Amino acid sequence: MKHYILSMGLVLIAFCLLTCKEDESATTPGEFQIQVDELIQEDGSGGRTKATLPSGSSLLISIEDAAGNVVLNFERVSIITFSGSSVSAPILLKPGNYKLKDFLVVNESDEVLYAIPKSGSEFARLVNRPLPFTFTVWKDRVNNISTQVVRATESSPEKFGYVAFNINEAAYPEFRVAVFVPHNGQMLLTQTKAFLIHGGDTIYSKLLSSSINEIIFKGTPEGIYTLILIKSGYGKYTRTFTLQDLKAELDGEPLEVFLNPALTFESSTFGSEFPETQHVSFDINGDAGKEVVVDWDDGTFTTLILKPLPGEPPYYDGITGSFTLDHVYTTTTHPVPRHVSITGDIESIRQLNFGYSVYIKSLSLQNLTGLIDARVWFQNSLETVDFSSNKNLQMIGVGYNESMKSFTIPQTNKLKFLILEEMDLTTEEIDKVINDLYQNVTAHNIMEGEFRLSKIAEDGSSYEYIGPPSEDGLAKLDILANYYLWNVN
């Protein structure tokens, strides 16, 4: 059996001419390499030699991310040998913390030559760092770790902490996939989260790179699988197939997937009044007659004809006349959070109001170019909101969010109402908001707006500024109030 998997570094080189730079919000991958420094004898003699691995050998490695998701599962990576040293080909990984779970050196016949012992095994004492061990990948750099391996040709797998090496059962590429999103009139390759479901279990979970990716798992030709692709700000892709039918359809070519722009959020049942039924609702309206489709991430969809705005902003009347989207999940075994996406005429969505009837872990509004009024209240799991792409916003309301650490406002001449209430932002964080608003107002000469940044004082007797702002922040508030006639309170 000979299966050759291109290393992620070689994939990057092969397809670099096909890729373009994504929007600046995308996470820049880092390169990760493993260097084998020492070969250790397994006979207990302590014999150690500088590592020069045999020609034609390769690595089989397994890696998990900090959340325990499988990033690589016995993936084959080529070995580069130069100046007497052996190092893996570069592997692209999203910046973050990871755990190396399996590490085998095999020859062209898939015989295990060397391995890193697992913690608690008989041979663990022979190496400085037995498996598993953690490492960190930083963006825009090559991240190297050094390892020692123990010779495995004359010892049983049990001495390394393996029941069996199971090389014949190792996962291999079953098909390839390339994911595209629209950007400035072009379709660009993009990163996305991929999941493969079989028999109700998630058997594959990986962040795909902005290239053509190999989907590596232990598949059976007649097995029924469901591929799910999730990317913040885009509609979820789902396809169920048998492996033999998909391979016949693709005929060696990659599966090309085109994601549609969407309003997306991840909802959690944490704090819900109805945890048994997983109740979710929020307010939405927009241009009359325009149509959007909600994917609730439970196999059900809602087609909604948008209703017009009830009047001119600010909508302090509780958004009278808005349409409330309401959904009850009937299956409570689904792992939260749920990835809810709204596609269709999303540029016609003018108003959103998220309140206590939905609990959000993340929210993407980047593709709602026509949004005028946005409210985000009582979201204690939400840490940040980015409004920078919503250039038509006139009103932003954010409040009663205990976990909120930061948010970004758009630079536009239309924003006249910024309401912040009952949040524990730091001085640095509130100064950033003040400065962003100040730059916006002064650049566009926006007169007679309203900026509320208040919370109840600890003794409950009065209101005070969130933060509080620094002296520089207070000086900018004074200019907004006295020169640009903003109501600041």
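Residues numbered from 1 in each chain as written. Predicted model: local features only at pLDDT ≥ 70, side-chain atom pairs only at ≥ 80, totals over all residues. Heavy atoms only, no water.

1. Section: the overall build of the chain
Note the cut-off: Helix numbers and strand numbers start at the N terminus; a helix is a DSSP run of H or I with at least 4 residues, a strand a run of E with at least 2. Using a 1.4 Å probe, accessible areas were evaluated by the Shrake-Rupley method; residue-level cover was limited to the displayed protein chains.
A count of helices and strands for the chain gives four helices and 34 strands. When the accessible area of the chain is evaluated, it comes to approximately 22,600 Å², of which 49% is carbon and sulfur surface.

2. Observations concerning the pairing of strand S20 (residues 279-286)
What counts here: Accessible area is worked out with a 1.4 Å probe on protein chains only. A residue is then buried under 20% of its type maximum, exposed over 50%, and partly exposed in between. When DSSP locates at least two bridges between a pair of strands, those strands are taken to pair.
Where burial is concerned, most of S20 is hidden: eight out of the eight residues are buried. Across the two faces of S20 the burial is the same, with His-279, Ser-281, Asp-283 and Asn-285 and Val-280, Phe-282, Ile-284 and Gly-286 all buried. Where S20 meets strand S25 (residues 349-354), four bridges bridge the pair, whose relative direction is antiparallel. Of the residues in S25, the one forming a bridge with Asp-283 is Asn-353.

3. Points about unusual backbone geometry
Cis peptide bonds are those with omega within 30 degrees of zero, and the linkage from Leu-131 to Pro-132 qualifies with -10°. Tracing the backbone shows Pro-132 in the loop between strand S8 (112-115) and strand S9 (133-137). The linkage connecting Gly-467 with the following residue, Pro-468, adopts the cis geometry, with an omega of -10°. Its location among the elements puts Pro-468 in the loop between strand S33 (463-465) and helix H4 (471-482). Phi at Phe-378 is positive, roughly 55°, even though this residue is not glycine. Turning to its location among the elements, Phe-378 is positioned in the loop between strand S27 (373-377) and strand S28 (384-386).

4. A closer look at the sheet that holds strand S19 (residues 263-268)
What counts is decided by this rule: Orientation is described by lines fitted to C-alpha atoms, with helices fitted over the stretch in contact, and by angles between N-to-C directions that extend from 0 to 180 degrees.
The strand order across the open sheet built from five strands is S22-S21-S24-S19-S26, with neighbouring strands paired in antiparallel fashion. With partners counted over all chains shown, the strands left at the sheet margins are strand S22 (301-305) and strand S26 (359-364), one partner each. Taking the axes of each pair of neighbouring strands and ignoring which way they run, one obtains an average angle of 20° across the sheet. Summarising the sheet, strand S21 (residues 291-295) and strand S24 (residues 338-344) pair through four bridges and their orientation is antiparallel. Looking across to S24, one finds that Val-292 is bridged to Gly-344.

5. Section: the nonpolar core
When a protein is soluble and globular, its nonpolar side chains tend to lie buried together. Our working definition: Here the nonpolar core consists of buried residues drawn from Ala, Val, Leu, Ile, Met, Phe, Trp, Tyr and Cys, with membership extended through side-chain atoms lying within 4.5 Å. The criterion used for residue contact is that any of the two residues' heavy atoms lie within 4.5 Å.
By size, the foremost hydrophobic cluster in this structure holds 55 residues, and its most contacted members are Leu-363, Phe-387, Phe-407, Leu-420 and Phe-451. Ranked by residues supplied to this core, first place goes to helix H3 (residues 427-444) with six residues. The residues contacting Leu-363, other than those within four sequence positions of it, are Leu-263, Thr-264, Phe-265, Phe-354, Val-376, Leu-382 and Val-385. Judged by nonpolar contacts, the second largest core, of 43 residues, contains Phe-32, Val-71, Leu-72 and Leu-131.

6. Re the packing of aromatic side chains
Here is the rule: Pairing of aromatic side chains here covers Phe, Tyr and the six-membered ring of Trp, requires ring centres within 6.5 Å, and sorts the geometry by plane angle: under 30 degrees stacked, over 60 edge-to-face, intermediate tilted.
For the structure on display, the rule yields 15 aromatic pairs. Arranged with centres 5.1 Å apart and planes meeting at 85°, the rings of Phe-123 and Phe-160 form a pair that is edge-to-face. Of this pair, Phe-123 sits in the loop between S8 and S9 while Phe-160 is found in the loop between strand S10 (142-151) and strand S11 (172-183), placing the two residues 37 residues apart along the sequence. Note on Phe-123: relative accessible area 2%, which makes it buried. Consider the rings of Phe-265 and Phe-282, whose centres lie 5.4 Å apart with planes at 85°: the pair is edge-to-face.

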